[in-house]
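# Coordinate analysis (summary)
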Amino acid sequence: MTQTNLSKPGLEQAVGGQATVSTANISQAKARRIALAAQGFHKPRPSSPPSMRSLKGVIDRIGLLQIDSVNVLSRSHYLPLFSRLGHYDRDLLHRATASRPRVLTEYWAHEASLIPPATYRLLQWRMDSWKETAWGKMRQDTPGYAELLELVYDEVARRGPITASRLDQCLSHDMPAPSGTNWGWNWSQVKTALEALFWAGRIGSAGRNPQFERRYDITERILPADIAATPPPPKDEAIVELLRISAKALGIGTAQCLRDYFRLPASAVQPAIRRLVDAGELQPVQVAGWKRTAYLARDASKPRAIRARALLSPFDSLVFERARTEALFDFRFRLEIYVPKHKRVHGYYVLPFLLGDRLVARVDLKADREAGLLRVQSAHAEPHAPETTAVELYQELVLMARWLGLERVAVTGMGDLGPGLVAAGAERA
């Protein structure tokens, strides 16, 4: 995760490294409301069951869904839709990624992400540079590797959609897996080739199976025909368009915020932002407490109030740029998944709780599917949390439990909000 400190003292940082004079001053509270509106939190959840049109509406706003494999509560990419739509049918997302014509497909955008096929075409420059930008064994230049790539591509073209494990079985007599027990990183030669071809854009994901394995197929069969037939734009034009998507999704942010949304190269971002500023699509502004120039999207909503209530995935696009989260919400958020249990402060899978226009609490959740319980393993309030936080949080937890098909909420862990949640549950019962 990016750790840039937006409030670090020093010269304002602007396009091309030149100091600029902002044309407007914006309070932190106003910037926060703009950011929340850009992510769709200024509107109430739909009163009727959300449809594919509802899903498309969310994607049109936020541009992507980051993927993560942790399933202690729910796969992360399902959660941002619940945060914005409430109780929706999870099969909508499966259909959006696995059924033709696809609404979403997978690629390396902000980490592994689900993105619209049109956005996929904007990342062709990343695909073209896979030999320099891919990581690990994908970039190897060993004898026979080029031939392996072509063999694997031909097999995917013949057999796809197909998972890596199934293709590995089909070709194992030629390419046995290496020994060792290093879980997901101990890739077979076939898996390495598949990931290289995926990074290069020659094959893509036709969705994932229940075991969360990608189902690989050649790109021409994954993208809608009109998009597959359209030549991708040059890199500089693609970067400008990706920044437009970022600006719409963020509403307001620094150059680093805009860059981070699609992990864009700094050298290409600076001239692209200049173009958008010159065109009037971005306005340089100064946010109170930020020492770096921010950029306000021309069409960003500027609500006077936000009345949101939502639990957020730790990989939600509202909060995945941690420095921006801290600068907007005074909320320092760090993942503790890989921290030893005895050293964790807030828990294993911690979700920020949005109430109004503030992040007021954080809660460590686990879906105990066997017992039918949504377990609250810890719940901590922020210093500015209102007195109603425990009651509001409990109500949101009940909604999440129902969406996950769980029978009830069980407060089983630590944290200063625990007693309030227990009381809220007792009163509701």
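Let me begin by describing the structure that accompanies this report. Along each chain, the written sequence defines residue order, and numbers are assigned to residues from 1. Note on the predicted model: pLDDT of at least 70 is required for a residue's local features to be given, and 80 or more for side-chain atom pairs to be given and counted; whole-chain, interface and lining totals, by contrast, use all residues. Note that water and hydrogens are dropped before the side-chain values are worked out from all heavy atoms of the structure.

What follows concerns the overall build of the protein. Along the backbone of the protein there are 18 helices and 14 strands. Here the C-alpha coordinates of the protein stretch approximately 65 × 60 × 45 Å along the principal axes. Buried positions account for 55% of the 429 residues belonging to the protein. Under the DSSP-based scheme used, a helix requires at least four consecutive residues in state H or I and a strand at least two consecutive residues in state E, with every element numbered from the N terminus. Residue exposure (1.4 Å probe, protein chains only): buried if accessible area is under 20% of the type maximum, exposed if over 50%, otherwise partly exposed.

Across the sheet, three strands lie side by side as E2-E4-E3; this open sheet has antiparallel pairing. One side of each edge strand has no neighbouring strand; the edge strands of this open sheet are strand E2 (65-66) and strand E3 (105-109). Bridging between E2 and strand E4 (residues 111-115) involves two bridges; their strand directions are antiparallel. By the bridge assignment, Gln66 is partnered in E4 with Ser113. Strands pair, by our definition, only if DSSP identifies at least two bridges between them.

Our next topic: the side chain of Arg324. Relative to the helices and strands, Arg324 is located in helix H16 (residues 322-329). Buried and unpaired, Arg324 has Glu321 as its nearest opposite-charge partner, separated by 6.6 Å. We call two N or O atoms a polar contact when they sit within 3.5 Å, provided that within protein one can donate a hydrogen and the other can accept it, with sequence-adjacent residues counted only if both atoms are side-chain atoms. Only 3.0 Å separates the side chain of Arg324 from the backbone oxygen of Leu250, close enough to count as a polar contact. Among the polar contacts made by the side chain of Arg324, one reaches the main-chain carbonyl oxygen of Ile252 at a distance of 2.6 Å. Charged residues are defined narrowly, with Lys and Arg counted positive, Asp and Glu counted negative, and His plus the chain ends left uncounted. By salt bridge we mean one thing: a side-chain nitrogen of Lys or Arg within 4 Å of a carboxyl oxygen of Asp or Glu.

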